[in-house]
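Secondary and tertiary structure notes
Residue-level listing of the chains:
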Amino acid sequence: MHGSLEVPLAVKLLRLPSDKRMLVVGCGGGVAFPALSGLCNPSTLTGIDHDPDFLSQAAEQEGRTGNGAELVLGDVQDMPFPDRSFDVVVDFGTAYHVPTPQLAISEIERVLDRGGILLYEAPLTQFLAHPLRTSGRRLAWNSARTLVPSRNAGLWKTRTKR
């Protein structure tokens, strides 16, 4: 349901741009790649996850769908990408679940180019999906002052980098 309903709905409601350099943090098994590729036609599509088993699943998915995604083993709190490498960063909840969310948000800010867009889950979405694990957790926007709110679609939001 995530790849066939949630991702397309978020992309359409938040009007993600086409033909941009896109990063999916916490890409897991790559279920979002077909929808992101089909709807956004990114110039590059990269997924990062800290779990090699998830990346193996994503590679299998990639083999079946051929979306051209580059898969990277790494941590959203310390990403192996140069500054301003991406125009769009998609986070369907990963930053809520890492030990230091402020590091994750700072890293996303660092790799996002000026004018770039971060699509992320609203706190309510995380609470509904993971009520115990995310209770009381918030994203540390004070650690990324150049990411300013831009769009709100209820369950998902975007911030744009000034």
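**Side note on the packing of aromatic side chains**
Within this structure, the stated rule accounts for two aromatic pairs. Ring centres of Tyr 120 and Trp 141 lie 4.9 Å apart, and the angle between their planes is 55°; on these two criteria the pair is classed as tilted. Taken together, the positions of Tyr 120 in strand β5 (residues 112-121) and Trp 141 in the loop between α6 (123-129) and β6 (147-152) put the pair 21 residues apart, joining distant regions of the chain. For the pair shown, Tyr 120 and Trp 141 are each scored as buried. The residue whose ring lies beneath Arg 159 is Trp 141, and the NZ or CZ to ring-centre distance is 3.8 Å.

**A closer look at unusual backbone geometry**
Despite not being glycine, Arg 15 shows a phi value in the positive range, around 50°. Its identity as a non-glycine residue notwithstanding, Arg 84 has a phi of 60°, on the positive side.

**Thoughts on the pattern of salt bridges**
Counted by the stated rule, this structure contains five salt bridges. Asp 87 is the salt-bridge partner of Arg 21, the closest N and O atoms lying 2.8 Å from each other. Taken together, the positions of Arg 21 in strand β1 (residues 21-25) and Asp 87 in strand β4 (residues 86-91) put the pair 66 residues apart, joining distant regions of the chain. Asp 87 sits in the buried class, given a relative accessible area of 18%. The partner of Asp 113 in a salt bridge is Arg 21, with the nearest N and O atoms 3.0 Å apart.

Definitions and limits used
- Residues numbered from 1 in each chain as written.
- Predicted model: local features only at pLDDT ≥ 70, side-chain atom pairs only at ≥ 80, totals over all residues.
- Heavy atoms only, no water.
- Phe/Tyr/Trp six-rings, centres within 6.5 Å; stacked < 30°, edge-to-face > 60°.
- Helix = DSSP H or I, 4+ residues; strand = E, 2+ residues; numbered from the N terminus.
- Buried < 20%, exposed > 50% of the residue type's maximum accessible area, 1.4 Å probe, protein only.
- Lys NZ or Arg CZ within 6 Å of the ring centre and 35° of its normal.
- Salt bridge = Lys/Arg side-chain N within 4 Å of Asp/Glu carboxyl O.

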